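Structural features, examined
So you can see what is in the structure, the chains are spelled out below.
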Amino acid sequence: MKTRTVLAATVFVLLAAPLLAVAQPRGGFGPGGGRFGPGRVERIGQELGLNPDQMQKVRAASTEFHRQRIRLGAQIEEARLNLREYLANERNVTEDRAREMVAAIGQIETQLHQARVTFLVRVRALLTPPQWRRALEMLEEHRDGPPGPPEGRGPMGPGRRPRGPFGGPPGA
């Protein structure tokens, strides 16, 4: 079961990478996303042998998810900023209020995770069993690529700004 979940999540990353790349401000998969260009969905579709109807539906699902990702990502960033501002500037900080703010961030992150899962389920429903198997194979091939980003790029490369406990600069 765990292997199936990991593989499903990996298929999602492969199919959603162009969306995540556009929606993120920095390089890589996580915060960032310059590794895959917008044509990635088309290339994956060609390799999987998607017919025009499947391709149109995958594009539509991708566009819908992309819009949700942008909206929810902005809400998460705003909620994190509000928490940082509260902790840094509020005179009477209370643990209860800070916990409420953290819970609000968690609720939005849950919505984003649900949107990702919905996207994955919709895309999987569009694929035939052989296409799904090939997608899983492609993910395995992708995962078996070189470990980590090239020197100087990605989240751990030179120029990475240190982060504090709430995602902002240290001390915030």
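Only a predicted model underlies this, so the values are computations on that prediction, with no experimental measurement involved.

Details of the nonpolar core
- Leu48, Leu50, Leu127 and Trp132 are the most contacted members of the largest nonpolar core, which totals 13 residues.
- The set of elements that each furnish at least two residues to this core consists of α2 (40–48), α3 (52–89) and α5 (129–143).
- The element best represented in this core is α5, accounting for five residues.
- Dropping the residues within four chain positions of it, Leu127 is found in contact with Leu48, Leu50, Gln54 and Trp132.

What to know about the environment of Gln54
- Note that Gln54 resides in helix α3.
- Overall, the relative accessible area of 8% leaves Gln54 in the buried class.
- Here the alpha-carbon distance between Gln54 and Val123, two residues 69 residues apart in the chain, equals 8.9 Å.

Observations regarding the packing of aromatic side chains
- Counted by the stated rule, this structure contains one aromatic pair.
- With a centroid separation of 5.3 Å and 20° between ring planes, the pair formed by Phe65 and Phe119 is classed as stacked. On the criterion of sequence distance, the pair formed by Phe65 in helix α3 and Phe119 in helix α4 (residues 95–126) is long-range, its members being 54 residues apart.

Some details on the packing of α2 against α3
- Between α2 and α3, the shortest axis-to-axis distance is 11 Å and the interhelical angle comes to 145°. The handedness of the crossing between α2 and α3 comes out as right-handed. Facing α2, whose interface residues are Val41, Glu42 and Gly45, α3 presents Met55, Val58, Arg59 and Ser62.
- Within the contact of α2 with α3, the residues separate by chemical class into three nonpolar, two polar and two charged.

Comments concerning the side chain of Gln131
- Looking at where Gln131 falls in the secondary structure, it is placed in helix α5.
- Its relative accessible area of 8% is what places Gln131 among the buried residues.
- Discounting residues that sit within four places of it in the chain, Gln131 has contacts with Leu48, Gly49, Leu50, Gln54 and Leu126.

A few points about the pattern of salt bridges
- Going through the model one piece at a time under the given rule, you end up with 10 salt bridges.
- Measuring nitrogen to oxygen at the nearest pair gives 2.7 Å for the salt bridge that ties Arg59 to Glu42. Taken together, the positions of Arg59 in helix α3 and Glu42 in helix α2 put the pair 17 residues apart, joining distant regions of the chain.
- Note on Arg59: relative accessible area 37%, which makes it partly exposed.
- Since its relative accessible area comes to 30%, Glu42 is described here as partly exposed.
- As a salt-bridge pair, Glu109 and Arg80 come within 2.6 Å of each other at their nearest N and O atoms.

Remarks on α5
- Its 15 residues give α5 an end-to-end C-alpha distance of 21 Å, which sits within 8% of 21 Å, the value for a rise of 1.5 Å per residue.
- Of the residues making up α5, those classed as buried are Gln131, Trp132, Ala135, Leu136, Met138 and Leu139. Angular distribution of buried residues about the axis of α5 spans 160°; they occupy a single face of the element.

Focus: α3
- Taking 1.5 Å as the rise per residue, α3 with 38 residues should run 56 Å; its terminal C-alpha atoms sit 54 Å apart, in good agreement.
- Among the residues of α3, the N-terminal cap falls to Asn51, whose side-chain oxygen and the backbone nitrogen of Asp53 are separated by 3.0 Å.

Some details on the confidence of the model for the protein chain
- When pLDDT is averaged along the protein chain, the result is 74, and 60% of the positions lie at 70 or above.
- Helix α1 (residues 2–23) is the least confidently modelled element of the protein chain, averaging 43 in pLDDT, while α4 averages 95, the highest of any element.

With respect to the packing of α2 against α5
- At a closest axis distance of 10 Å, the pairing of α2 and α5 adopts a crossing angle of 125°. Put simply, α2 runs oblique to α5. In the crossing of α2 with α5, the sense of the turn from one axis to the other is right-handed. For the pair formed by α2 and α5, the contact residues are Ile44, Glu47 and Leu48 on the first element and Gln131, Arg134, Ala135 and Met138 on the second.
- When its residues are assigned to classes, the contact of α2 with α5 shows four nonpolar, one polar and two charged.

Calculation criteria
Residues numbered from 1 in each chain as written. Predicted model: local features only at pLDDT ≥ 70, side-chain atom pairs only at ≥ 80, totals over all residues. Heavy atoms only, no water. Core = buried A, V, L, I, M, F, W, Y, C linked by side-chain atoms within 4.5 Å. Buried < 20%, exposed > 50% of the residue type's maximum accessible area, 1.4 Å probe, protein only. Helix = DSSP H or I, 4+ residues; strand = E, 2+ residues; numbered from the N terminus. Contact = heavy atoms within 4.5 Å. Phe/Tyr/Trp six-rings, centres within 6.5 Å; stacked < 30°, edge-to-face > 60°. Axes fitted to C-alpha atoms, helices over the stretch in contact; angles between N-to-C directions. Left-handed = near helix turned anticlockwise from the far one by under 90°. Nonpolar A, V, L, I, M, F, W, Y, C, P; charged D, E, K, R; others polar. Salt bridge = Lys/Arg side-chain N within 4 Å of Asp/Glu carboxyl O. Expected span 1.5 Å × (residues − 1). Arc of directions from axis to C-beta. Polar contact = N/O pair within 3.5 Å; in protein donor to acceptor, adjacent residues only side chain to side chain. pLDDT = per-residue confidence, 0-100. Parallel < 35°, antiparallel > 145°, perpendicular 65-115°, else oblique.

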